[in-house]
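Coordinate analysis (summary)
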Amino acid sequence: MTNLIDGRAIAEQIHAETAQRIAVLKVRGVQAGLAFVRVGEDPASRVYVGMKEKTSERLGIKSTTAVLPEATTQAELLALIAKLNADASVHGILVQAPLPAHIDQATIFSAVSPAKDVDGFHPVNVGKLMLGDTTGFIPCTPAGVHELLIRSGVKIAGAEVVVLGRGNIVGKPMTAILCQKAKHADATVTLCHSRTRDVAAHCRRADIIVAALGVAHFVKVDMVRPGAVVMDVGVNRIADPTAKNGSRLVGDVDFAAIQPIAGRITPNPGGVGPMTIAMLMQNTVRAAEAANQ
Ligand code: GUN
């Protein structure tokens, strides 16, 4: 049996469940709606928002995308968010990060109505996650990693987990999800970051490693206990003279060396990435259901 965790296949299972819920809403006369906001022309953001738009359409979610120029002021962006907050046809709002440097990201994320915050970045939703209050939205990437672990039958309760990276989008919420006193959680979580002494020693103790620090091939085979589960969140562009455009994307994990000794491992691409979109779509249908109870 392969030890690969097939994120594409599991994302498709979730998409099928979400499409079914969207269809049920449609029968009740509710069209689930998701608004994307992109500021500037960051190439990666264009690709990501494009993928999210396509998936929305495939599942029956009506999406709209506002593309604002790089020079957009914070006040203009806040005005657009206020309009979307007040628009009953919009159930979810996603402001794609990164934003231009003159705009304060935290102010923008705090301006999205918590009920429409399908990214799970609003302080109310961040707080609910910390408190174990399941009525909030959880950020899509760590929620996707969690769902991959659950649907792959990985035992989380009592496990030693090492999360690499303390970002607000993945590392911190991942830690909060897995240490919760709850079903499919109850792990002992160590959050390692750039000031951690001897990261390798922490990793070698881990039953589950979640790599989300954004350093290409950071996790080496001598850092992984044979049989451990390795989840690779990283998306790093590295030079590759043999590639058409001179570069390619790799994860935070030295996959080729680690796959033979891992218990389970996500490929990259095709592991965590597709799950981020699946959880976004799931959050959106939940927002639409909640708005129409
Ligand atoms: N940029 C990178 N990941 C994300 C995400 O999950 N949501 C948003 N809004 N921007 C991102």
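Located above this text is the structure these notes cover.
Residues numbered from 1 in each chain as written. Predicted model: local features only at pLDDT ≥ 70, side-chain atom pairs only at ≥ 80, totals over all residues. Heavy atoms only, no water.

Here we come to the site of the ligand. Around the ligand lies a shell formed by Leu94, Val95, Gln96, Ala97, Asp119 and Phe121. Between the ligand and Asp119 there is a distance of 2.6 Å, counted from a nitrogen atom to a side-chain nitrogen or oxygen. Burial of the ligand by the protein chains amounts to 82% of its free accessible area of 280 Å². The class makeup of the residues in the shell around the ligand is 4 nonpolar, 1 polar and 1 charged. (Near = heavy atom within 4 Å. Polar contact = N/O pair within 3.5 Å; in protein donor to acceptor, adjacent residues only side chain to side chain. Areas by Shrake-Rupley, 256 points an atom, 1.4 Å probe, with all protein chains shown as cover. Nonpolar A, V, L, I, M, F, W, Y, C, P; charged D, E, K, R; others polar.)

In this structure the tally under the stated criterion is 8 salt bridges. Close ionic contact of Arg46 with Glu41 constitutes a salt bridge, the shortest N to O distance being 3.2 Å. The class for Arg46 is partly exposed, based on a relative accessible area of 47%. Note on Glu41: relative accessible area 43%, which makes it partly exposed. Measuring nitrogen to oxygen at the nearest pair gives 3.0 Å for the salt bridge that ties Asp240 to Arg248. Looking at Asp240, the relative accessible area reads 11%, which means it is buried. Taken together, the shared-partner salt bridges connect Glu17, Glu147 and Arg151 into one network. (Salt bridge = Lys/Arg side-chain N within 4 Å of Asp/Glu carboxyl O. Buried < 20%, exposed > 50% of the residue type's maximum accessible area, 1.4 Å probe, protein only.)

Now for the nonpolar core. By size, the foremost hydrophobic cluster in this structure holds 49 residues, and its most contacted members are Leu149 and Val210. Examining the composition of this core, we find that 10 residues originate from one element, helix 10 (residues 272-291), more than from any other. Excluding its chain neighbours within four sequence positions, the residues that come into contact with Leu149 are Val154, Ile156, Leu178, Ile208, Val229 and Met231. (Core = buried A, V, L, I, M, F, W, Y, C linked by side-chain atoms within 4.5 Å. Helix = DSSP H or I, 4+ residues; strand = E, 2+ residues; numbered from the N terminus. Contact = heavy atoms within 4.5 Å.)

Here 3 strands make up an open sheet; going across it, the order is 2-1-3 and the pairing parallel. Each edge of the sheet is formed by a strand with only one pairing partner; in this case those strands are strand 2 (62-68) and strand 3 (92-95). Pairs of neighbouring strands in the sheet enclose a mean axial angle of 15°, with direction left out of account. Pairing geometry for strand 1 (residues 33-39) and strand 3, over 4 bridges, is parallel. When the bridges of strand 3 are listed, Phe36 appears paired with Leu94. Running at roughly 170° to strand 1, helix 2 (residues 43-59) makes contact with strand 1, strand 2 and strand 3 of the sheet. On top of the sheet, helix 10 reaches strand 1 and strand 3; it is set at about 130° to strand 1, its chief contact. (Pairing = 2+ DSSP bridges. Axes fitted to C-alpha atoms, helices over the stretch in contact; angles between N-to-C directions.)

Relative to the helices and strands, Thr141 is located in helix 6 (residues 140-151). By relative accessible area, which is 13% here, Thr141 ends up buried. Aside from chain neighbours lying at most four places away, what touches Thr141 is Val170, Val233, Val272 and Thr276.

A cis amide bond, omega 5°, links Ala97 with the succeeding residue Pro98. Structurally, the position occupied by Pro98 is in the loop between strand 3 and helix 4 (105-111). Put simply, Asn268 and Pro269 share a cis peptide bond, and its omega is 5°. With respect to the helices and strands, the residue Pro269 is situated in the loop between strand 10 (264-265) and helix 10. With phi around 60°, Asp186 is a residue other than glycine that occupies positive phi space. Within the secondary structure, Asp186 is located in the loop between helix 7 (171-179) and strand 5 (188-192). Residue Asp198 is not a glycine yet carries a positive backbone phi of 50°. Counting through the fold element by element, Asp198 comes out in the loop between strand 5 and helix 8 (199-205).

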